[in-house]
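# Notes for the structure review
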Amino acid sequence: YLGPAPIVSEPPAPIATPQAPPEPVVAQAEIAPPVQTVSFPTHETAPAFFVQLGSFSDISNAQRLHGVARNRTNVKVVSVNIRGNDFFRVLAGPFDTKPSAYAARDQLARQGVASGVVVSAEN
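Residues numbered from 1 in each chain as written. Predicted model: local features only at pLDDT ≥ 70, side-chain atom pairs only at ≥ 80, totals over all residues. Heavy atoms only, no water.

### A short note on the pattern of salt bridges
What counts here: Here, a salt bridge means any side-chain nitrogen of Lys or Arg that lies within 4 Å of a carboxyl oxygen of Asp or Glu. Residue burial is assigned from relative accessible area. The probe radius is 1.4 Å, only protein chains are included, and a residue is buried under 20% of its type maximum, exposed over 50%, and partly exposed in between.
In this structure the tally under the stated criterion is one salt bridge. Notably, a salt bridge pairs Asp-106 with Arg-105, separated by 2.9 Å at the nearest N-O pair. Residue classification places Asp-106 among the partly exposed residues on the basis of a relative accessible area of 32%.

Written out as C-alpha cells, the structure reads:
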C-alpha cells in the first residue's frame, strides 16, 4: 500500500463504441513446387550430372531454396528415402558433362544461391 489514489477532477473520456474489425487482407500464397521423382538414365545412356543445392528433412526448407534458385537455373525438388527417412533434395540440372555441372555450381555460388555439390545420376 503506497497511499490513497489521487483525486481526478476531469470526467473520464467516453467509451468508444466498438466497430467491426476490418476485413483481413489475404495474400495469395506462392504455389509450392511439386515434389518429383527423378528417373535417372540407365547405364546405356550418357550419365547425367546435377548440382545438389541442399537436402532437407522439412519440405518447406526445400521449397524456400527452390524459390530462390528457380529464376537462375532449371531446378526441382525431389523426394528420396534414405534408411527409412524422407529427405527433399533441391537439384539443379541435369547437365551433360561433369565440367558443365561444376561451372553451374560455381556460378550459383557466386550469385549467392548455394554452394552445391555435384552428383551423378548414379548417386
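This is not the end of the story, as more comes after the structure.
### Here's the deal with helix H1 (residues 59-69)
Worth spelling out the cut-off: By the criteria applied, helices consist of DSSP H or I runs no shorter than four residues and strands consist of E runs no shorter than two, each listed in order from the N terminus. In this description, the arc belongs to the directions extending from the helix axis to the C-beta atoms. Pairs of residues are marked as contacts when any of their non-hydrogen atoms sit within 4.5 Å.
For H1, every residue scored as buried is listed here: Ala-62, Leu-65, His-66 and Ala-69. Taken down its axis, H1 places every buried residue within 105 degrees of arc, on the same side. Buried residues belonging to H1 abut strand S2 (49-56), strand S3 (75-82) and strand S4 (85-95).

### Quick word on the nonpolar core
For clarity, the cut-off: We define a nonpolar core as any set of buried Ala, Val, Leu, Ile, Met, Phe, Trp, Tyr and Cys residues linked to one another through side-chain atoms lying within 4.5 Å.
If you look at the biggest cluster of nonpolar residues, it comprises 18 residues, and the most contacted ones within it are Val-51, Leu-53, Leu-65, Val-90, Ala-101 and Val-113. At the level of elements, S2, H1, S3, S4 and helix H2 (98-110) are the ones that each hand at least two residues to this core. When sequence neighbours within four positions are dropped, the list of residues in contact with Val-90 reads Val-51, Gln-52, Leu-53, Gly-54, Phe-56, Ala-62, Leu-65, His-66, Val-75, Lys-76 and Val-77. Ala-48, Phe-50, Val-78 and Ala-121 belong to the second largest nonpolar core, which has six residues in total.

### So, the confidence of the model for the protein
The predicted coordinates ought not to be read in detail in places where the model reports low pLDDT. Cut-off, in case you're wondering: pLDDT is defined as a per-residue confidence score from the predictor, taking values between 0 and 100.
Overall, the prediction assigns the protein a mean pLDDT of 78, with 61% of residues at 70 or greater. Looking across the protein, the model is least confident in strand S1 (residues 35-36), with a mean pLDDT of 50, and most confident in S2, with 96. The low-confidence segment residues 25-31 (pLDDT under 50) makes two contacts with residues lying over four places distant or belonging to another chain. Every residue in residues 39-43 scores below 50 in pLDDT, and together they form six contacts with partners more than four places removed in sequence or on other chains.

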